[in-house]
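Structural overview for review
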Amino acid sequence: MLTVGLIVEDPKAKSIHSKLLEINRANKAFFIMNLNSENILKVRALTKSVKLEEKTLDLLQDINLDVNAGDTLAIVGSSGSGKTTLLSILAGLDLPTTGEVYLKKHSLHQCNEEQRSEIRANHVGFIFQQFLLVNSLTALENVMLPAELANMDNAEQLAKDLLTQVDLGDRLDHYPSQLSGGEQQRVGIARAFISKPDILFADEPTGNLDSKTGRHVADLLFDLNKQFGTTLVLVTHDLKLAARCQRQVIMDSGCLAEGKVEDIVEGTVDVIVEGIVEDTVKDQVETPAETLAENPAGTLAGTKVASEG
Amino acid sequence: MAIWVKQSLRLLQHELRRGELTIICLAIVLAVATVFSLSGFSSQIKQSLINNSTSFIAADRILQSSSPIEQSILAHSDKNSLNRAEQIQMSSMVFAGDNMKISEIRVISDSYPLRGELLVRKHSGEAPVVEHAPARGTVWVEPSLLKILNLSLGDKIEVGVSTLVIAGIATQIPDASFSLFTSGPNVIVNIDDIAATELIQPGSRLTYKYLFSGDTSDIEAFEKWVKPQVNESQRWYDIKSRQSPLANALNRAEKYLSLASMLGIVLAAVAVAVASRRYSHRHQPTVAVFKAMGASLKHIRKLYLLHWSLLCLFSISLGLVLGFLLLQAGLFAVSDSLPVDTAEFSFYPFIVAVVTGLICAIAFAVAPIKSLIETSPLAVIRGFSELSSNVGTSNSGTSNSFFSNSLFSNVKAKLKRFGWQQLLPISALFALLIMFSGNVVLSLALLLGGLIVALILLGIGRLFMNAGRSMGSRAGKAWHLAMANLRRRASENSVQLVSFTIAIKLLLLILVMKNSLIDDWQQQLPDNTANRFLVNITEQQVTSVGEFIEENNIQASEFYPVVRGRLSSINDEKLVKQVSKEENKASDNGRRGVGRELNLTWRTTLPDKNIITEGQWWSETLSSDKKTDNDAELSGQVSVEQTLAKRLEIKLGDILIFQIGSETVEVPVTSIREVDWQSLQPNFYMIFNSQVLTDFPATYISSLYVKPDKMLDLQLFLIQYPTISMIDVDAMISQLRSVIDQVSVAIEFILVLVVFAGSLVLVAQVQASMEEREREIAILRTLGAKGSLLRASVLYEFLALGAIAGTMASAAMELAVFVLQTQVFDMQASLHPQYWFLGVFVGAGFVGAIGYISCWRLLNMSSVTLIRRTM
C-alpha cells in the first residue's frame with residue numbers, strides 16, 4: 001500500500017520552492033565532482049525568465065545538472081513546474097536567459113538557431129507526448145526523416161529495421177492517421193533512435209496513452225535505449241515511468257532537486273507535489289497486481305534506483 | 001538527388017494524393033482559370049461584337065474627308081496589309097423622265113462593303129443576294145425611289161449627265177445612316193462611272209469615305225500611324241466613336257466585361273491569400289518537427305520554396321487547362337447568338353493568366369510562407385495554437401520573444417508586423433487591377449475604396465457580433481452557443497466576415513450591374529419601339545397622315561416641324577470655320593460652327609427623354625413669371641442640347657444667330673437640355689419656341705411603331721404622297737437587339753465565373769477556421785454536448801455570419817453601384833431594395849450551407865475519433 005508524505009513538512013516556515021533551492025545548492029558539489037566521467041550534458045546556473053508586460057516571470061532558477069553518457073534521467077514535476085521549459089533548453093530548442101548549457105562539448109547557450117539545428121541533427125533525438133508525426137508522410141518516411149537530415153546513407157533500410165523491431169513492419173506505408181495512438185508513438189520511438197542520437201529527450205512519452213499501451217511503449221523505449229546505449233532524459237509526471245530511470249530529479253516552481261522515487265513516495269523527500277502522487281495512486285489502483293508483479297521495474301515498490309550518487 | 005528535393009517531392013506527392021492541398025490548389029487553379037477565361041472571353045466577345053457591329057459602318061475604321069486624301073495614306077494601308085474600299089456620298093437630283101427626286105448618291109468601289117453585307121434583289125420575286133458594287137453603267141436603288149419615280153428593274157435613270165440602268169434593288173445597305181435627315185433614297189453607283197456623271201465639280205459638297213479592315217494588330221498599327229495625320233476637315237472613326245445606341249451599348253458592355261474581370265481577379269486573389277495562410281498554418285507542425293529533428297533554416301527554405309513552386313506550377317498548368325475548357329464552353333454557349341472568330345485567338349489571355357497566377361502565388365503567399373519557414377521548433381513543445389497567434393515572428397533564437405509576443409496586445413503586434421510583406425499583396429493587387437483596367441485612377445479608387453470599406457466593415461462586423469451575442473443569450477441553447485462562438489472568435493470572425501462581405505458584395509454588384517445594364521438597354525428598345533420614321537411631311541399632309549395614323553391605331557410620336565438652318569454667330573461672334581461636328585477643339589481664331597445645316601424645330605412642351613439642366617423651359621418661364629401667352633410668344637427663345645452647348649461654349653442668355661435661307665434669326669438661349677440620343681425618337685440640338693420659326697416653310701417628321709399587319713396599309717397610303725419618305729429602322733433595331741442579347745449572354749456567363757471565384761473565397765475562408773472548430777467540437781463532445789446541439793450551433797453560427805455579411809454586403813453594394821452607375825456607366829442612379837433581401841438571404845444560405853457542409857464530417861465523427869484527431 002502506498003503511504004505518502006504528501007504534505008510539505010513545514011508549510012509555514014518554508015516554501016517548496018526555497019527548499020528545492022537549498023537541495024540544489026547542496027548537490028552542486030556532487031555535480032561538479034562528476035564532470036570528468038563521459039559527461040554529455042552539463043548545465044550551470046541556468047535561468048529562464050520572461051517578461052510579461054511590466055513584470056518578470058522566472059520560469060527556471062539557478063539550475064545545475066550533469067548527465068553522463070548512458071544515463072537515464074527522469075525529470076519529474078507537476079504541470080507548470082518548468083520541466084518542459086528545461087527540456088526545451090537542454091535539447092537546444094530554446095535558449096536560457098542566463099547560464100550555460102553544454103551538450104557534447106557544444107555550448108548551446110552560445111549557438112544560434114542554425115548551429116543548434118546542426119547539433120540536434122547530429123546528436124539529439126526526440127519523443128513527444130503528442131507523437132508529432134508528419135501527417136502527410138508514411139510511417140516509414142517519418143522514421144527516415146532524422147536519418148536523412150543527418151545525411152545517413154541507408155535511411156530507408158534502417159527505418160524498416162526499426163519499424164520491424166517496434167512490431168510495425170507491416171505498417172510501413174500507413175499514414176499516422178491510420179495508426180492508433182500506441183502505434184504512432186512506436187513510430188515516434190523508431191524515429192527517435194534511427195539517427196543513433198547521443199542523447200534522447202522524451203517529453204511525457206506515455207502521457208497520451210492508456211496505461212497498458214503506455215507500459216508497452218515504455219518497455220520499447222527502455223529496451224531500445226539499452227540496445228543503442230543512448231542517454232535518455234525523460235520528462236514525466238508519471239512516477240512509475242520515472243522510477244525506471246537510473247536517476248530522478250524533481251522540478252518545482254522552476255527549481256531542480258535530485259531525488260529518488262522511493263523517497264518521494266515514502267515521504268523521505270518532504271517536498272512533493274500532490275498531483276504527481278495522486279496520478280500515481282490512481283494508476284496503481286487501475287493496474288492489476290499481476291501485471292505489476294510480472295514487471296517489477298514498473299512498480300514503485302520494486303524500483304531499483306541506481307543513481308551515481 | 002538532394003535530400004531537400006526528395007523530401008519536398010515526397011511531401012507534395014503525398015499531400016496532393018491525400019487532398020491536403022486541395023484548397024490552395026483550387027484557389028490558384030480558379031484564379032488562373034477565371035482570369036484566363038474572363039480575359040479570353042472578354043477579348044473574344046469584345047472583338048466579336050465589334051466585328052459584328054462593324055457592319056454598321058461597313059468597315060473596321062473609316063477616314064472621312066471632304067476632299068480626296070493623299071495617296072501616301074492609301075499606300076501605307078496597303079503596306080499594313082489592310083483591305084480598303086472607297087465611297088463618295090453626295091446629294092443630287094435623280095431624274096426619270098419628268099419625275100425627279102433628291103437622292104443620296106453612294107459611289108462605291110468594287111471592294112465595298114468590307115464588313116457586313118450589301119443585299120441586292122436583281123430580279124423581281126427573287127431573294128436578295130450579297131453584292132459588292134454594281135457593274136459599270138448600272139445602279140442599284142432603294143425600293144422607295146422606284147415607288148416615288150414609278151420605276152421598275154431595268155428602267156433607266158439620269159444621274160448627273162449619265163443615264164444608268166437600274167440593275168438591282170438594294171434591300172440592305174450596311175452603313176445606311178442612323179440619321180433621319182438624309183436627303184433621300186440611296187442610289188448606288190460604281191466608282192468608275194462617277195467621272196462620266198460629272199457630279200463632281202469644284203465646290204461640290206462631297207463626303208469621301210475611305211474604308212479599312214484587317215487584322216486587329218494591323219489595323220491598330222495603321223491607326224497609330226494615320227491618326228496624327230488627320231486634319232481638321234477629316235475624321236477617323238470606328239463603330240464606337242459614333243454617338244449611337246449601338247456604340248453606347250458596346251462601350252457599356254466593354255466596361256462591364258472589364259469590371260467583371262477586375263472583380264473576378266480581386267476575388268481570385270483573395271481566395272489565394274486566404275488559402276495560402278491556411279497552407280502556412282497547416283504546414284507549421286511539419287516545419288517545427290523538421291526543425292526539431294535538426295533541419296536547418298536553409299533546408300526548410302529550399303524545401304518549401306520547391307514545394308510551393310511545384311504546387312504553383314501544377315496549379316497554374318491545371319488552371320490554364322481548366323480556363324481553356326471554360327473559355328471554349330463559354331464561347332460554345334454564346335456561339336448561336338454571337339459567332340466568334342477563333343482564328344483571331346491570341347496569347348493574351350494565356351499570358352495574363354500566367355502572370356496573374358504568378359503574382360498571386362508570389363505576392364499573396366510571401367508573408368504566410370515566410371512565417372511558415374520561420375516557425376519555431378519550440379512549437380513541438382509549446383504547441384501550435386500558442387505559436388500560431390504569432391504568425392510572422394521568429395522567436396526561437398531570442399530568449400523572451402515568444403512569451404512576450406504571444407501575450408502582447410494584438411493591435412500592437414499587428415501594427416508592428418505591418419511591413420513590406422503586407423504591402424506586397426496590396427501592391428500586387430493594384431498592379432493586377434492596372435493591368436486589367438489600364439486605368440490608374442479607377443484601380444486606385446477601387447483599391448483604396450476597398451481597403452476603407454474593409455476597415456469600416458471590420459468595425460461594423462464586431463458591433464453586429466456583439467449585438468448577436470446579447471440576442472443569442474435570450475435565445476435557445478444552440479443559438480446561445482453559436483453567438484458565444486461568434487463573440488469568442490471575434491477577431492478571426494471579423495476577418496472572415498469581411499471576406500464573406502466582400503465576396504457577397506462583389507457578387508451582388510455584378511448581378512445588379514448586369515441586370516441594370518440589360519434593363520436599361522431593354523427599356524430603350526421596348527416591344528413598341530418606333531420602327532418607321534416619316535420625314536418630309538408637308539404642312540398640308542400633316543392632317544391626312546395624322547388621320548391615317550389615328551384610324552389605323554398606329555402608335556406614333558407627335559409631328560415635329562423641321563426647318564433647316566445654319567448657326568452662324570454667337571453673341572455677334574461669327575463662327576469662322578465650319579467643320580464636321582465631331583471636331584471639338586476650339587480654334588485660335590474663334591469658335592467653330594456645327595459644320596452643317598441643323599434641323600431646327602419648335603414646340604411648346606419639353607419632349608420626352610429631354611431634361612432641362614440649366615435655365616427654364618418656356619412653359620415654366622411663363623408660369624413663374626405670370627406672363628401671358630402673348631408675352632411669351634413675343635420673345636423668341638431657344639433651348640440648346642448640352643453637349644453642343646458645351647462644345648460651342650454657349651451659355652444661358654447668349655444670343656444665337658441662325659441663317660435660314662436668306663434670312664437671319666436672332667434668339668437668346670433660355671435653357672440647356674440633356675437629350676437621350678439612344679431613344680429612337682426624333683431628337684434636336686435646337687428647339688425654339690413657336691414665335692421664331694413659324695413663318696419659315698417647314699416639313700414635319702414623326703416616328704411610328706407599325707405592327708406587321710398594318711405595314712402594307714401604310715405603304716399603300718404613302719403611295720399617294722410620294723414626297724414623304726419612310727425610313728425603315730427595323731433592321732437597325734433587330735441588329736441592336738441582337739447585339740444586346742449577345743452581350744447579355746456573355747455577361748451572364750461572366751457572372752457565373754465570378755460566382756465561382758466568390759464561392760471559392762467562402763469555401764477557403766470556412767476551411768481556414770476548420771481546425772479551430774475541430775478542437776472546439778471535440779471539447780464540447782467530450783463535455784457531453786449532443787450531436788444535434790452541435791449541428792444546430794454550427795449551422796446557426798454560419799447562418800448568422802452569412803446574414804451579417806449579406807447585410808453589410810448589400811449596403812456596400814449600393815454604394816459601389818451608385819458610384820459605378822454615375823461615374824462609369826453614365827446611367828441614372830437607383831436603389832435596389834430587392835437585392836438587399838437577396839444579399840441577406842443568399843449570404844445566410846450560402847455561408848450557412850458551405851459552413852455546415854464543411855463541418856458535416858466533423859459533426860458526424862465519433863467522440864473518440866475527434867479527440868484522437870485533435871490530440
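In this structure, A:Leu41, A:Leu90, A:Phe201 and B:Trp308 are the most contacted members of the largest nonpolar core, which totals 159 residues. Counting residues per element, this core draws most heavily on helix 7 (residues 245-292) of chain B, which supplies 21 residues. Grouped together as the second largest cluster of nonpolar side chains are 43 residues, B:Leu534, B:Ile570, B:Val669 and B:Leu704 included.

With that out of the way, let us pick up the sheet that holds strand 9 (residues 247-252) of chain A. Residues and elements named next belong to chain A. The mixed open sheet is built from 6 strands, whose spatial order is 6-7-8-3-9-10. What marks the edges here is a single partner per strand, and that holds for strand 6 (124-127) and strand 10 (255-259). Strand-to-strand, the axes of this sheet are offset by a mean angle of 20 degrees, without reference to chain direction. In the packing of helix 3 (residues 113-123) onto the sheet, the strands contacted are strand 6 and strand 7 (199-203), and the crossing angle to strand 6 comes to about 80 degrees. Sitting on the sheet, helix 7 (residues 211-228) is in contact with strand 3 (72-77), strand 6, strand 7 and strand 8 (231-236), with an inclination near 160 degrees to strand 8.

In this section: the environment of B:Ile687. Residue and element names in this part refer to chain B. In this structure, Ile 687 sits in strand 21 (residues 686-688). Classification of Ile 687 by relative accessible area gives buried; the value is 1%. It is 5.2 Å that separates the C-alpha atoms of Ile 687 and Ser 639, two residues lying 48 residues apart in sequence. In this structure Ile 687 touches Thr 601, Trp 602, Arg 603, Pro 607, Asn 610, Trp 617, Trp 618, Gln 637, Val 638, Ser 639 and Arg 673, once residues within four positions along its chain are discounted.

Listed by partner, the interface residues are 38 residues for chain B and 46 residues for chain A. Both faces considered, chain B and chain A share a buried interface measuring about 3,500 Å² in area, 61% of it formed by carbon and sulfur atoms. Counting the contacts that link chain B with chain A gives 2 salt bridges. A:Glu148 is the partner of B:Arg10 in a salt bridge, and the nearest nitrogen-oxygen pair spans 2.7 Å. Linking chain B to chain A there are 9 residue pairs in polar contact (both at pLDDT 80 or more). Put simply, the parts of the chain that give the side of chain B that touches chain A at least two residues each are helix 1 (3-17), helix 7, helix 8 (297-334), helix 11 (379-382) and helix 13 (401-407) of chain B.

Now for the environment of A:Gly82. Residue and element names in this part refer to chain A. Along the chain, the position of Gly 82 falls in the loop between strand 3 and helix 2 (83-90). Exposure remark for Gly 82: the relative accessible area of 11% places this residue in the buried category. Linking Gly 82 and Leu 60, residues 22 residues apart in sequence, is a C-alpha distance of 6.4 Å. Setting aside its immediate chain neighbours within four residues, Gly 82 contacts Leu 59, Leu 60 and Met 251.

What follows concerns the confidence of the model for chain A. Residues and elements named next belong to chain A. Mean pLDDT over chain A works out to 74, with 72% of the residues at or above the 70 mark. Long-range and interchain partners of residues 1-17, a stretch whose pLDDT sits below 50, account for 31 contacts in this model, where long-range means more than four residues apart. Below a pLDDT of 50 lies the segment residues 267-309, which in the model reaches 75 contacts outside its immediate sequence neighbourhood of four places, other chains included.

We now examine the pattern of salt bridges. Residues and elements named next belong to chain A. A full pass over the atoms with the stated rule returns 20 salt bridges over all chains. The closest approach of N and O atoms between Asp 66 and Arg 44, which form a salt bridge, is 2.8 Å. Here Asp 66 is found in strand 2 (residues 55-68), whereas its partner Arg 44 is found in strand 1 (residues 39-52), with 22 residues between them in sequence. The pair formed by Asp 66 and Arg 44 is uniform in burial state, with each residue classed as buried. The shortest N-O distance in the salt bridge between Asp 71 and Arg 247 comes to 3.3 Å. Remark: Arg 247 occurs in strand 9 and Asp 71 occurs in the loop between strand 2 and strand 3; sequence separation between them is 176 residues. The burial state of Asp 71 is the same as that of Arg 247; both residues are buried.

The terminal C-alpha atoms of helix 28 (residues 833-859) of chain B lie 37 Å apart, and with 27 residues this matches the ideal 39 Å at 1.5 Å per residue to within 8%. Of all bends in helix 28 of chain B, the biggest is about 30 degrees, found at B:Ile853.

Reading the values: rules and limits
Counting of residues starts from 1 at the beginning of each chain's written sequence and follows it residue by residue. The order in which chains are written sets their letters, starting at A; the order in which ligands are written sets their numbers, starting at 1. Local features in a predicted model are, by the rule used here, given only for residues with pLDDT of at least 70; side-chain atom pairs are given and counted only at 80 or more, and totals for whole chains, interfaces and linings are based on all residues. Excluding hydrogens and water, the side-chain values take into account all heavy atoms of the structure. Throughout, nonpolar core names a set of buried Ala, Val, Leu, Ile, Met, Phe, Trp, Tyr and Cys residues whose side chains join them through atoms within 4.5 Å. Each residue is placed in one exposure class: buried if its accessible area under a 1.4 Å probe, protein chains only, is under 20% of its type's maximum, exposed if it is over 50%, and partly exposed if it falls in between. A run of H or I in DSSP counts as a helix once it spans at least four residues, and a run of E counts as a strand once it spans at least two, with each numbered from the N terminus. One requirement defines pairing of two strands: DSSP has to find at least two bridges between them. In this analysis an axis means a line fitted to C-alpha atoms, helices contributing only their contacting stretch, and an angle means the value between N-to-C directions, from 0 to 180 degrees. Working rule for contacts: check all heavy atoms of both residues, and any pair within 4.5 Å makes them a contact. Once two parts are put together, the accessible area they lose, assessed with a 1.4 Å probe and summed over both, is termed the buried area. Whenever Lys or Arg places a side-chain nitrogen within 4 Å of a carboxyl oxygen from Asp or Glu, that contact is recorded as a salt bridge. Residues adjacent in sequence count toward polar contacts only when both atoms are side-chain atoms; beyond that, a polar contact is any pair of N or O atoms within 3.5 Å, and within protein one must be able to donate a hydrogen and the other to accept it. The quantity known as pLDDT measures the predictor's confidence residue by residue, on a range of 0 to 100. Helix span, as expected, comes to 1.5 Å for every residue beyond the first. By definition, a residue's bend is the angle between the axes fitted to the seven residues ending there and the seven starting there.

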